[in-house]
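Given next are the chains, with one letter for each unit.
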Amino acid sequence: MIAKLDHQMLWIFAALVALLLLSSVIGFVLSRTAQSEGGKATVKNLNARIGAWWKMCGIFALTLLIGPNGSIFLFALISFLALREYISLIRTSRADHNTLFWSFFVITPLQYWLLYIHWYGLFVALVPVYAFLFIPLRLALEGDTSGFLDRAARIHWGLMICVYCISYAPALVILDIPGHRQDPKLLLFLVIVAQLSDVFQYIWGKMLGKRKIAPHVSPNKTWEGFVGGILCATAVGAGLWWMTPFSRLQALAMSLLITLLGFAGGLVMSAIKRDRSVKDFGTTIEGHGGILDRLDSVCFSAPIFFHLTRYFFT
Amino acid sequence: MNGEWLAGLIAAFARGLTGVTVQWMNCQPSARQRVYFANHTSHLDFVVLWSVLPRELRALVRPVAAQDYWNSGLRKYLAVNVFHAVLIERRARPSTSKPAGKPDSVQHQSVEQAPLQQSASIEQSAIEPTRIERAPGEHSLIEQALDNLLEALGEKNSLIIFPEGTRGTGEVIAPFKSGIYHLWRHRPDVEFVPVYLANLNRVLPKGEFLPVPIISRVILGPPLQLEPHETKESFINKAHQAVCTLGEL
């Protein structure tokens, strides 16, 4: 099934390409003008990030064009890779092996299969109820009780963040909103606002950032970046009201919520990284780190955005 | 040809499953003859180590594997035809009539592995000189294994060996068997490259059948710097220490 490529989608894609071109030009100019060693390193990383953005936007746009199933498949893959980053980073025990196998190869595909067949009732319950009960049971059957609750909690938390929360993003595509049935634009709206918020926070933080918000958790997050990023991304989100079922004011409120939750997600995931003494979750995306580093904001904003939209607009 | 194609496919699958990252620490890929020696925790070890080498080197690098495990059906096909493994016997076949070994057959018994002797003895590495029952005049298992390895090295090949002799849990690197030392004594011209394999015990631990996709790392260190008259203890220490050091990075 190919999604209908309406004028709104074309406008968004054109704007994204323009934005990417603009950033590539800025990145190029900066690479010629950077003087200090630190500045050169920052610009090099910036250009790696821009290059990765091109690829990410390309893949995302392609799967959106394939239709709802394209998005479901893409996010299923993302969840799998995100869970792999998470499980690789945390401590697991030898006795967790079979439970982990279930998590990767049964629970994760099942969650997205439920989306594929539009079984909403089980989709919202699978990880928080069934997997929640299954994981400790499977661990108990293994017979090793050392650190039992820790191990069960770690695995379940990973499934909640990497599989359950992320799966809410493609779930937006199957929401039954009058006038917006199977419309990929709501997913596009969420991803654009959440990711632009990260980008704006990065830009404002690099330009003006001084006062750190949480120096022990995430040394790169500053009040200047936070305020500038949230305001800019919220403004852009409000300006995109026409692609959503929301009014201008509603789009503004939703965007503000997405950006604030996105910030919360970044902070929480940073706390995990600091606890495990690493800078990034992985190396999959050049310049950005791992998949989870890029999607920490979506993990937190997608489920709340989904449920608010579902509650008020369906 | 068929085997090469399958080998490439398996290597790609192993890399994809384990999302493996490679670090060459003060060491570069080279067609020079080498013995890559690594810690051993998983059946995937040699596949992953082999798969991260540049494609043109893979044809020259042969893993050394235990015959008792890789001797039948699909395993044998994979080991022999796909990976060109050197299969060696790691323990004497059940003895038929001979009484306990003669004192002279114990002369190679190494001292450094004494603490683990009890638990490890049932999985003796073939290249471990050990108490072997044999008819007078017959080659001992160790000599046979060494001959096999030297023959496999030949003029241009490299080897992958696991000097612990058996898979561990991944927590500690067991003492090395002395086969690696004897190999060096016969071929001092070959570079001995230490390798640390991280997280593969989590992907496919000993005793498990189903793999879990956990990101693994392969760290290759600088070749051992050896004196011409290195003693066995000193050689084994250096080799063991080199792998441990990479593991602490």
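Residues numbered from 1 in each chain as written. Chains lettered and ligands numbered in written order. Predicted model: local features only at pLDDT ≥ 70, side-chain atom pairs only at ≥ 80, totals over all residues. Heavy atoms only, no water.

Residues and elements named next belong to chain A. As enumerated under the stated definition, the model contains 26 aromatic pairs over all chains in all. A ring pair is formed by Phe-80 and Phe-105, whose centres lie 5.8 Å apart and whose planes are at 55°; its orientation type is tilted. Placement of Phe-80 in helix H3 (residues 68-89) and of Phe-105 in helix H4 (residues 97-116) is noted, with a sequence separation of 25 residues between them. Using a relative accessible area of 34% as the deciding quantity, one classes Phe-105 as partly exposed. With centroids separated by 6.1 Å and ring planes inclined at 25°, the aromatic side chains of Tyr-120 and Phe-306 adopt a geometry described as stacked. (Phe/Tyr/Trp six-rings, centres within 6.5 Å; stacked < 30°, edge-to-face > 60°. Helix = DSSP H or I, 4+ residues; strand = E, 2+ residues; numbered from the N terminus. Buried < 20%, exposed > 50% of the residue type's maximum accessible area, 1.4 Å probe, protein only.)

Residues and elements named next belong to chain A. Of note, the phi angle at His-118 is positive, near 60°, even though the residue is not glycine. In this fold, His-118 is placed in the loop between H4 and helix H5 (120-142). With a phi angle near 55°, Ser-277 is a residue other than glycine that sits in the positive phi range. Tracing the chain through its elements places Ser-277 in the loop between helix H9 (248-275) and helix H10 (291-313). Given a relative accessible area of 65%, Ser-277 falls into the exposed group.

When the parts come together, some accessible area is lost, and that loss is often what is quoted as the size of the interface. At the junction of the two partners, chain B supplies 19 residues and chain A supplies 15 residues. By the criterion of area lost to chain A, the three top residues of chain B are Arg202(B), Pro213(B) and Ile215(B), representing 40% of everything that side buries. When the shortest N-O distance is used, the salt bridge between Glu208(B) and Arg94(A) registers 3.1 Å. Applying the counting criterion to the chain B and chain A interface returns 10 residue pairs in polar contact (both at pLDDT 80 or more). (Contact = heavy atoms within 4.5 Å. Buried area = accessible area lost by both parts, 1.4 Å probe. Salt bridge = Lys/Arg side-chain N within 4 Å of Asp/Glu carboxyl O. Polar contact = N/O pair within 3.5 Å; in protein donor to acceptor, adjacent residues only side chain to side chain.)

Our focus in this paragraph is helix H2 (residues 37-66) of chain A. Residue and element names in this part refer to chain A. Between its terminal C-alpha atoms H2 stretches 44 Å, which fits the 44 Å expected from 30 residues at 1.5 Å a residue. Looking at H2, one finds that the buried residues are Val-43, Leu-46, Ala-48, Ile-50, Ala-52, Trp-53, Phe-60, Ala-61, Thr-63 and Leu-64. In this structure, the buried side of H2 is in contact with helix H1 (7-33), H3, helix H7 (185-208) and H10. A positive phi of about 115° marks Gly-67, the residue just after H2. (Expected span 1.5 Å × (residues − 1).)

On to the packing of helix H8 (residues 223-239) of chain A against H9(A). A pair of packed helices is captured by two measures, namely the crossing angle of their axes and the spacing between those axes. Residues and elements named next belong to chain A. H9 packs onto H8 with a crossing angle of 145° between their chain directions and a minimal axis gap of 8 Å. The chirality of how H8 crosses H9 is right-handed. Side by side, H8 and H9 meet where Phe-226, Ile-230, Ala-233, Thr-234, Gly-237 and Ala-238 of the first sit next to Arg-248, Ala-251, Leu-252, Ser-255, Leu-256, Thr-259, Leu-260 and Phe-263 of the second. The residue makeup of the contact of H8 with H9, split by class, is nine nonpolar, four polar and one charged. (Axes fitted to C-alpha atoms, helices over the stretch in contact; angles between N-to-C directions. Left-handed = near helix turned anticlockwise from the far one by under 90°. Nonpolar A, V, L, I, M, F, W, Y, C, P; charged D, E, K, R; others polar.)

This brings us to the sheet that holds strand E5 (residues 158-161) of chain B. All names here are of chain B. A sheet is described by the order of its strands in space; here seven strands give the open sequence E1-E7-E6-E2-E5-E3-E4, paired in mixed fashion. Looking at which strands have only one partner, the edges of the open sheet turn out to be strand E1 (21-24) and strand E4 (86-88). Within this sheet the neighbouring strands show an average axis-to-axis angle of 20°, counted without direction. Judged from the three bridges that link them, strand E3 (residues 61-66) and E4 form a sheet pairing that is parallel. (Pairing = 2+ DSSP bridges.)

Another point: the pairing of E3(B). All names here are of chain B. Counting buried positions over the six residues of E3 gives five, a clear majority of the element. Where E3 and E5 come together, three bridges link them in parallel fashion. When the sheet's bridge partners are listed, Arg-62 is paired in E5 with Leu-159. In this region the chain leaves E3, passes through helix H4 (residues 73-82) and returns to the parallel neighbour E4; the handedness of that crossover is right-handed. (Right-handed = clockwise from strand over helix to strand, strands pointing away.)

One recurring pattern in soluble globular proteins is that nonpolar side chains are buried together. Counting 113 residues, the largest nonpolar core has Phe75(A), Leu187(A), Leu188(A), Phe305(A), Tyr36(B), Leu49(B) and Val218(B) as the members making the most contacts within it. No other element matches helix H6 (residues 148-171) of chain A, which puts 12 residues into this core. Not counting the four nearest positions on each side in its chain, Val218(B) is found in contact with Val20(B), Thr21(B), Val22(B), Gln23(B), Val48(B), Leu49(B), Val52(B), Val195(B), Tyr196(B) and Leu197(B). Listed in part, the 31 residues of the second largest apolar core include Leu149(B), Ala152(B), Ile161(B) and Ile173(B). (Core = buried A, V, L, I, M, F, W, Y, C linked by side-chain atoms within 4.5 Å.)

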